[in-house]
Amino acid sequence: MKKKEVEVVLSPEVAYNDELLESELIKSAGLKPENVKHIHRIKRSIDARGRQVLLRVRADLYLDTPPADILSARYNYTDVSNAKKVIIVGAGPAGLFAALRCIELGLKPIVLERGKDVRARRRDLAAINKEHIVNPDSNYCFGEGGAGTYSDGKLYTRSKKRGDLQRILEIFVQHGATRDILFDAHPHIGTNKLPRIITAIRESIEAAGGEVLFDKRVTDFILENDEMKGVLTQDGQEYIGEAVILATGHSARDIFELLHQSGITIEAKPFAMGVRVEHQQRLIDSIQYKCEDRGCWLPASSYALVHQTVYDNKQRGIFSFCMCPGGFIVPSATAPGEVVVNGMSPSRRDSKFANSGIVVAIELEDMELDKYGPLAGLRMQEELERKACEMAGGTQKAPAQLLLDFTRQKTGGALLETSYQPGLTPVDMNKLFSPAMAYRLREGFKAFGNKMRGYLSNDAQIIGVESRTSSPVRIPRDRETLEHVQIRNLYPCAEGAGYAGGIVSAAMDGERCAEKIAAKVLRQV
């Protein structure tokens, strides 16, 4: 199979036009169009360092037999209706990809999801946004697909050791995602497209004999001599399997409480909290692309920022988190009486707003470990979220303040238009946070304003609170077997257990847990 790899640097209007792009690739390779049988794009990335924004595209040009379509041959799911069972708690990315991998390896997954399927879940999201009613089992965090379904759909990860990134992306494409995610440097599906893809993954699991059950909140563990036999759900049903994968996500506080009450080892873990900052997208574009109008070819621009602060002789980082270009801010509370915000973007990223979490690192020494033990970080989250709700009026309205006013510790400025549907309440955000957190946020925003001219102004506003960046609890597991350090056949998994952060890394961790279970269970046959 003859092929030639080429890399070209192109203008956006060429790089995002399939016909023009292929012509430039062939021309750059010094070939004739009739001699090229297939073009396989490897990577496309934006280079905005110079005055003119350019794109770098790398591709393989096949000169004889085109390669087989890997998507049509690689992932086939055989019938596991009568196979040994694995109980998977949570139908987020980790749980769903664990289920698919179980099927490939000859095990029957039974996925228990506390929330509702994608379609029914939408009604509960509408109730949060319009009526300020929070369903603790069905919201932006819980339900089919987990927090990822309605939380932007970014598909990149810094982790290269947790699994096969390309494999995860290919499975998404097999279930309906665009092939662009296979070669874009920062792939993104979009909140509007993820529900359909998540539904297709569930249908693959069910077609192979696996089960995905909704309204199944786990209320107890079935233990015998430090071995996990299964789980009990709120409707009194018992589910018994060869192993239990705990893939509940970072907001399943009742599971953390249950583990602790059951004497199952958990640990407090560093995490981060702060705010969402919201700008006009055109302002971020003008800063990043160095132009007044990005035009119709360039995507909405993003940014990544970090700064170190010192308060009371303690250094802590402040950084941007889950930046959502052309996106929206959404209410992510999982219980009444708390206010939590998160960001998401549709596939076209065509909202006029840009938002990002700006959060401060919370270390173990910042927590009241003596008082709350391994749940100390969780208690910090709860306290801040309840205070935010109280200061904003007791509904799902969020506390907010103009950005420059916050850094100057000045109040009174009228708030701006926002993408946050439940609405905003003007408050002094410096009083929401501890003196240390408020100081670190102020200093961070000042530093970011120096790095991005125009970023720090009263044309932006901060909205609180961004507190669910990652789990405040770690469920410890053996590095080799991935089993819990104390309970056999319990596999703490992904973000909720403290071992992943985002859709892709969670999916890879889910697959790893499935592989470890298969290696143990099927070896015993």
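Residues numbered from 1 in each chain as written. Predicted model: local features only at pLDDT ≥ 70, side-chain atom pairs only at ≥ 80, totals over all residues. Heavy atoms only, no water.

With an unreviewed UniProt entry as reference, the protein chain is termed FAD-binding protein, source organism Pontibacter aquaedesilientis. The Cofactor (unreviewed entry) comment attached to the protein chain in UniProt states, word for word, "FAD". (UniProt positions renumbered as here; feature names shortened; annotations may be inferred.)

Scanning the protein chain from terminus to terminus reveals 16 helices and 22 strands. Against the 2.2 N^0.38 benchmark of 24 Å for 525 residues, the protein chain shows a C-alpha radius of gyration of 24 Å, consistent with a compact globule. Taken along the three principal axes of its C-alpha coordinates, the protein chain extends 70 × 70 × 45 Å. Residues classed as buried in the protein chain amount to 57% of the 525 residues present. For the protein chain, restricting intrachain contacts to residue pairs at least 6 apart in sequence, the fraction spanning at least 24 positions comes to 72%. In the form shown here, the protein chain has an accessible surface area of approximately 22,400 Å², with 46% of it arising from carbon and sulfur atoms. Within the protein chain, one finds 71 positive and 68 negative side-chain charges whose respective centroids are separated by 4 Å. (Helix = DSSP H or I, 4+ residues; strand = E, 2+ residues; numbered from the N terminus. Rg over C-alpha atoms; globule rule 2.2 N^0.38 Å. Buried < 20%, exposed > 50% of the residue type's maximum accessible area, 1.4 Å probe, protein only. Contact = heavy atoms within 4.5 Å. Areas by Shrake-Rupley, 256 points an atom, 1.4 Å probe, with all protein chains shown as cover. Lys, Arg positive; Asp, Glu negative; His and termini not counted. Charge placed at Lys NZ, Arg CZ, Asp CG, Glu CD.)

On to the packing of helix H4 (residues 93–104) against helix H6 (residues 165–174). With their axes 12 Å apart at the nearest point, H4 and H6 run at an angle of 95° to one another. Taken as axis vectors, H4 and H6 run roughly perpendicular relative to one another. Across the interface between the two elements, Phe97, Leu100, Arg101 and Glu104 of H4 pack against Arg167, Ile168, Ile171 and Phe172 of H6. Split into classes, the residues belonging to the contact of H4 with H6 amount to 5 nonpolar, no polar and 3 charged. (Axes fitted to C-alpha atoms, helices over the stretch in contact; angles between N-to-C directions. Parallel < 35°, antiparallel > 145°, perpendicular 65-115°, else oblique. Nonpolar A, V, L, I, M, F, W, Y, C, P; charged D, E, K, R; others polar.)

What follows is about helix H9 (residues 281–289). Buried within H9 we find Gln281, Ile284, Asp285, Ile287 and Tyr289. Here the buried face of H9 lies against strand S2 (38–47), strand S12 (271–280) and strand S17 (353–362). Backbone geometry just downstream of H9 places Lys290 in the positive-phi region, at approximately 60°.

This brings us to the side chain of Glu466. With respect to the element layout, Glu466 can be found in strand S20 (residues 461–466). In terms of polar contacts, Glu466 uses its side chain to reach the side chain of Arg276, at 2.6 Å. (Polar contact = N/O pair within 3.5 Å; in protein donor to acceptor, adjacent residues only side chain to side chain.)

In terms of nonpolar packing, the biggest core is built from 59 residues, with Phe172 and Ile245 touching the most fellow members. Within the residue set of this core, elements represented by two or more residues are strand S4 (85–89), H4, helix H5 (118–131), H6, helix H7 (194–207), strand S10 (243–246) and helix H16 (503–521). A total of 10 residues in this core trace back to one element, the largest contributor, which is H16. Excluding anything up to four places from it in sequence, Phe172 contacts Phe97, Leu155, Ala177, Ile181, Ile189, Ile197, Ile201 and Ile503. Judged by nonpolar contacts, the second largest core, of 44 residues, contains Val277, Ile329, Val360 and Leu384. (Core = buried A, V, L, I, M, F, W, Y, C linked by side-chain atoms within 4.5 Å.)

Let's shift gears to the sheet that holds S10. Pairing within the open sheet is parallel, and its 5 strands lie in the order S6-S5-S4-S10-S22. Each having just a single partner strand, strand S6 (211–213) and strand S22 (490–492) make up the two edges of the open sheet. Going from strand to strand, the sheet's axes swing by 15° on average, the running direction of each strand aside. Both S4 and strand S5 (residues 108–112) contribute to a ladder of 5 bridges, which runs parallel. (Pairing = 2+ DSSP bridges.)

Direction vectors running N to C along H4 and H7 enclose 30°, while the axes themselves pass 10 Å from each other. Between H4 and H7, the interaxial angle falls into the category roughly parallel. Note that H4 runs across H7; the crossing there is left-handed. For the pair H4 and H7, contact is made by Leu96, Phe97, Ala99, Leu100 and Ile103 and by Ile198, Ile201, Ser204 and Ile205, respectively. (Left-handed = near helix turned anticlockwise from the far one by under 90°.)

This part takes up the UniProt feature "domain: FAD-dependent protein C-terminal" (unreviewed entry) in the protein chain. When the UniProt feature table is mapped to this numbering, "domain: FAD-dependent protein C-terminal" (unreviewed entry) covers residues 270–469. Across residues 270–469, the secondary structure splits into 28% helix and 30% strand, with the terminal C-alpha atoms separated by 11 Å.

Okay, the environment of Leu522 next. Within the fold, Leu522 resides in the segment after H16. For Leu522, a relative accessible area of 33% puts it in the partly exposed group. Along the primary structure Leu522 and Lys84 are separated by 438 residues, whereas in three dimensions their C-alpha atoms are 8.9 Å apart. Leu522 has contacts with Leu105, Leu107 and Ile517, leaving out every residue within four places of it along the chain.

Time to look at the environment of Gly263. With respect to the helices and strands, Gly263 occurs in the loop between helix H8 (253–261) and strand S11 (267–268). Gly263 sits 115 residues away from Gly148 along the chain, and the two C-alpha atoms are 30 Å apart.

Attention now moves to the pairing of S2. Here S2 pairs with strand S3 (residues 54–62) via 9 bridges, running antiparallel. Within S3, the residue paired with Ser45 across the bridge is Arg56.

Mapped onto the secondary structure, Arg440 falls in helix H14 (residues 435–451). It is Asp366 that comes nearest to the buried, bridge-free Arg440 among opposite-charge side chains, at 5.9 Å. In terms of polar contacts, Arg440 uses its side chain to reach the backbone carbonyl oxygen of Lys314, at 3.0 Å. If we skip the residues at most four places from it in the chain, Arg440 touches Thr309, Val310, Tyr311, Lys314, Gln315, Arg316, Ile318 and Val360. (Salt bridge = Lys/Arg side-chain N within 4 Å of Asp/Glu carboxyl O.)

In this section: unusual backbone geometry. Across the junction of Gly464 and Val465, the peptide omega takes the value -5°, indicating a cis bond. Its place among the elements puts Val465 in strand S20.

Bringing the packing of aromatic side chains into the picture now. According to the stated counting rule, one finds 6 aromatic pairs in the structure shown. Geometrically, the ring pair formed by Phe97 and Phe172 is tilted, given 5.2 Å between the ring centres and 50° between the ring planes. Residue Phe97 is located in helix H4, and its partner Phe172 is located in helix H6; the two are separated by 75 residues in the primary sequence. You'll find Phe97 and Phe172 in the same group, each marked buried. The residue whose ring lies beneath Arg114 is Phe142, and the NZ or CZ to ring-centre distance is 4.3 Å. (Phe/Tyr/Trp six-rings, centres within 6.5 Å; stacked < 30°, edge-to-face > 60°. Lys NZ or Arg CZ within 6 Å of the ring centre and 35° of its normal.)

Turning to the sheet that holds strand S1 (residues 3–10), a few remarks are in order. Strand order in the open sheet formed by 3 strands is S1-S3-S2, and the pairing between neighbours is antiparallel. The sheet is open, and its two borders are formed by S1 and S2, each paired with just one other strand. Between one strand axis and the next, the sheet turns through 15° on average, direction left out of account. Where helix H2 (residues 18–28) meets the sheet, its contacts fall on S1, S2 and S3, and the angle it forms with S1 comes to roughly 120°.

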